[in-house]
Each structure stands twice: as structure tokens, then as C-alpha cells.
Amino acid sequence: MSSRAPQDTGRDAQRLWSVDEHLADVLAAIRPLEPIELQLLDAQGCVLVEDVTVPVALPPFDNSSMDGYAVRTADVQGASEEFPAVLTVIGDVAAGSAELPTVGPGQAARIMTGAPLPPGAEAVVPVEWTDGGTGGGAAVGMTPASAAPEGSGGEVRVHRAAEARAHVRARGSDVQAGDLALAAGTVLGPPQIALLAAIGRGTVRVRPRPRVVVLSTGSELVQPGESLAAGTIYDSNSFALAAAARDAGAIAYRVGAVADDAETLRSTIEDQLIRADLLVTTGGVSVGAYDVVKEALTSVAAADDGADGGLMDFRKLAMQPGKPQGFGTIGPDHTPLLALPGNPVSSYVSFELFVRPAIRALMGLADVSRPSVRAVLEADKALGSPAGRRQFLRGKYDAQNGTVSPVGGSGSHLIAALAHADSLMVVPEDVTSLEPGAELEVVLLG
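Rules and cut-offs
Residues numbered from 1 in each chain as written. Predicted model: local features only at pLDDT ≥ 70, side-chain atom pairs only at ≥ 80, totals over all residues. Heavy atoms only, no water. Helix = DSSP H or I, 4+ residues; strand = E, 2+ residues; numbered from the N terminus. Buried < 20%, exposed > 50% of the residue type's maximum accessible area, 1.4 Å probe, protein only. Contact = heavy atoms within 4.5 Å. Core = buried A, V, L, I, M, F, W, Y, C linked by side-chain atoms within 4.5 Å. Pairing = 2+ DSSP bridges. Salt bridge = Lys/Arg side-chain N within 4 Å of Asp/Glu carboxyl O. Axes fitted to C-alpha atoms, helices over the stretch in contact; angles between N-to-C directions. Parallel < 35°, antiparallel > 145°, perpendicular 65-115°, else oblique. Left-handed = near helix turned anticlockwise from the far one by under 90°. Nonpolar A, V, L, I, M, F, W, Y, C, P; charged D, E, K, R; others polar. Phe/Tyr/Trp six-rings, centres within 6.5 Å; stacked < 30°, edge-to-face > 60°. Lys NZ or Arg CZ within 6 Å of the ring centre and 35° of its normal.

Engineer: So what exactly am I meant to see when it comes to the overall build of the chain here?
Structural biologist: Looking only at helices and strands, the chain has eight helices and 29 strands in total. Counting only residues that meet the buried cut, the chain has 46% of its 446 residues in that class. A sequence separation of at least 24 residues applies to 71% of the contacts in the chain between residues at least 6 apart.

Engineer: Looking at this structure, how should I read the nonpolar core?
Structural biologist: The tendency in soluble globular proteins is for nonpolar side chains to be buried side by side. Counting residues in hydrophobic clusters, the biggest one holds 43 residues, and the most contacted among them are L278 and I359. Secondary structure elements with two or more residues in this core: α1 (19-28), β14 (211-217), α4 (237-248), β18 (278-282), β22 (335-340), α7 (344-362) and β27 (423-427). At eleven residues, α7 tops the list of elements feeding residues into this core. For L278, the contacting residues outside a window of four places in its chain are R211, V212, V213, T335, P336, L337, L338, V355, A358, I359 and L362. Counting residues in hydrophobic clusters, the runner-up holds 20 residues, among them A262, L279, V292 and A296.

Engineer: Sorry if this is basic, but what is going on with the sheet that holds strand β13 (residues 203-207) here?
Structural biologist: Reading across from one edge, β2-β13-β3 is the order of the three strands in this open sheet, with antiparallel pairing throughout. Pairing within the sheet leaves two strands with one partner each, and these edge strands are β2 (36-39) and β3 (47-48). Relative to β13, β2 runs antiparallel, the two sharing four bridges. For Q39, the partnering residue across the bridge sits in β13 and is T203.

Engineer: What's the story with the pattern of salt bridges in this structure? I'm lost.
Structural biologist: Side-chain pairs of opposite charge can arise whenever the charged atoms involved come near each other. On inspection of all chains with the given rule, the structure shows 17 salt bridges. Taking the shortest distance from any N to any O, the salt bridge between E21 and R15 comes out at 2.6 Å. Residue E21 is classed as partly exposed on the basis of its relative accessible area of 32%. A cluster of three or more residues bridged by salt bridges with shared partners is formed by D247, E352, R356 and R370.

Engineer: I would appreciate a short explanation of the packing of α4 against α7 in the present structure.
Structural biologist: Relative orientation and spacing of two packed helices are given, respectively, by the angle between their axes and the distance between those axes. The interhelical angle for the contact between α4 and α7, taken along N-to-C directions, is 30°, at an axis separation of 10 Å. When the axis of α4 is compared with that of α7, the two are roughly parallel. In this structure, α4 meets α7 at a crossing whose hand is right-handed. Between α4 and α7, the residues in contact are N237, L241, A244, A245, D247 and A248 and P344, S347, Y348, F351, R356, I359 and R360, respectively. Taken together, the residues that form the contact of α4 with α7 break down as eight nonpolar, two polar and three charged.

Engineer: What is the right way to look at the packing of aromatic side chains in this model?
Structural biologist: Here the distance between the centres and the angle between the planes together describe a pair of aromatic rings. Applying the stated criterion to the full structure yields zero aromatic pairs. Here the guanidinium or amino end of R15 rests over the ring plane of W17, the centre of that ring lying 3.7 Å away. The ring centre of W129 lies 4.0 Å from the NZ or CZ of R160, which sits over that ring.

Written as C-alpha cells, this is what we have:
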């Protein structure tokens, strides 16, 4: 960990850290993952670390954009339904054809979509502009070559004229050799992988997707699908944060809820280090007698401290929800760990503000935070906010009207309200009341 605040002792234990200070400390502890060479499909969701240039033009040759007939324009000039141009069909040109017939005066070649334009041909007339070689009226398709090989011979009647290069995809009309295909820093999605394959790249050098291990703590937590006993609740945090980690671009591993026992938690965390580029815990970072995350993580960090030392910091932030936070590095590889509060909304908001940027930084991305916009508050009454705290309220953003309205209350346990929100409304530290019609910052979650 290259940059960290002092341990949470003495005067610093009472200090309220700002959201921006905490995020800066977290990001200072993150180093992008080392690049590796991956096969194309394995590289989906990863970030390029090098510019990729085009070795060959796309398409690499002039080819047909339609099923039809390759013709000389002079031979179909003036063609109409009443006076069609009658051409001799000299053969087929299929996609992948290597030997091409030469189209001479009065001749045509049946051609399929994607097939190379044969020598002598200047345009392609779609089959719908012809009789399909049947001697009848306008065709709707071609006779399959396998069913009627003789369909590649005979005559075809063309009912419309065609200009030069009509229905022809020119060589290099997509990209030219030497063009920049993809720039370093690009996240590889399906279209980017398609382009890499199209220019012949079988592998690509990328930063891998971070492996994020998520675990929740609390003896009261029960796995969904099981029966609830008195005093227990279902574990939603680990599911929410694992899903959020995937949404951020990570490979997420969810660990079942760990009971309120420091030794069990410490052992579980140490076991997970082997598959983690980032660890995220939720719960147990406050000041209660059973908030064991501090105890367990401090002991892990203490065991690692020294020449190779890890160190955990626990602090209070001037924000609502999400006041208690912890972060540091643990284990021999200095694996970053973020300890989030246990209330569901506090946990999720903390993820968006601190964990998502950490994941994006591990990927090597420059822009690590969610986009934000300015919007006008649409509400029935003023929104209150505690003095000196940056408050994050769930909201519904209307992009067309540039407005945002609150969803649910400010309680950090209101999961249903979070599920119906698409944004976070940000109330600054120096604002205690926000009137309807006021402008505010909105963090977009979608």
C-alpha cells in the first residue's frame, strides 16, 4: 500500500474524513493489474493496454452486398420491365470463391452476398431486379445451386439499369491497412472483439478483469432459500455487492455470510486471498460489541506488518449513509481490502463511491467513477440533510426534463427504495435543506 492514512488511534479516531479524502486514499493504494495476453473471448470485458492497428484492409476485396448478378453497366443500360436486358449467365461466384469468371459483353455471373466482384463486372443487380434465370417475371430468390446446378447457366433477364459500383462494397471501405483499429484503454465488448477477429487477431494484450471476493458478516444472516428463525434476516449485501462488482467489470466471488467470530472471519479472509485482487467485507465496522471486522482485520494486518506489512485503517466519514469505513492491504501480496458498513443502503452507496472506483482503477481505466449530471429537484417538500455530512439519497432521474425526484426515505435499511432508484441525489455538506426546484448533483447508476 503506497499511500495510507495513520491508524485509527488518538485524535484521528475522532476525526471525520471527507468522502473525497477517503476516495483519494483508497485509489492511492490501488495499482492496475499486470497485463497478460488472452484469447479473444477470454479478453471480453478487459481493457486494452496497446494500440491495435489494422494489418489488412476491410473488406480485403471488392464484394457484393446483395444476392444477384454481376454485370457490366453498359449491358443493362435502359433495361426495364417491358424491355429487359437479356444476358448470358456464365457461372456462379460464391463467398470464398478463389477462381473467378471474367464477365464480358452481354454476360453476367450469379453472385452471392460477400462474394468477390469478378473481373469485368462493374455492378451488381439484385436478384429481385431480374427473373432469376427462370424466363418468367421478377424473382424473389435464386434457385439453390445444390438443387439445380444448371441454374448457373442459361440466360437472365434484367429489368432495371444499374450504375457503376451499385451494390458493391469497396475494398477498404470499412478500414484501411494501417488505420488505428482500437486504442489502448478500450474496454473490449462484443463489437470490439468482432473487429479484432475481423482483422485477424487471435489474441490481445489486456489488463485482466479484477477478481473481487465479497463476504458479509453477521450471525443473524441466513442464505436466501432457507427458513428464517427468530431474530434472523436474509443476507442481501453479499448478493448486491457481488452483482455490483460484476457490473463494474470484475469477476466476483461471493462468500456465504460469516458469523460474528473474529477468528472465523480472519481464517476465512486468509483462505480467500489466493483468488482475490480485491476483498470487500460488509458489516462489523461500527463500534458495537459484536462488530468483529475491526478485530479480525486488525489482527490479520498486524500479523503481516513489518517489512512486508499490511495495515488497516478504520475511520468515520462525513457522509450519510456510510459513516463507518475501513480500508487497507492484507496478506503477502498486499491485497487491497475495503470494509463497508452492514446496513444494505450504506453498503451499496459505499460500494458505488469507493469500491467501484477501486475496481476500475485495477482495470487501468482513467475514468473510474459513475457519470454525474446536474438536475432540478422535483419533490413535494424540502429535503433535510444533516449539517456537515454529504448525503446520498435515492432518486429517479428524468433525462428528458432534467429533473430528479426522491425514492423512499433516507433510512439506510430501505432496500425496496434502492431497487426502484436509478440515481443518487447528492446533498453537499454545507446544505441542511434542499427546496423543490433547487439544482443538485445526481450520480447516475444505470
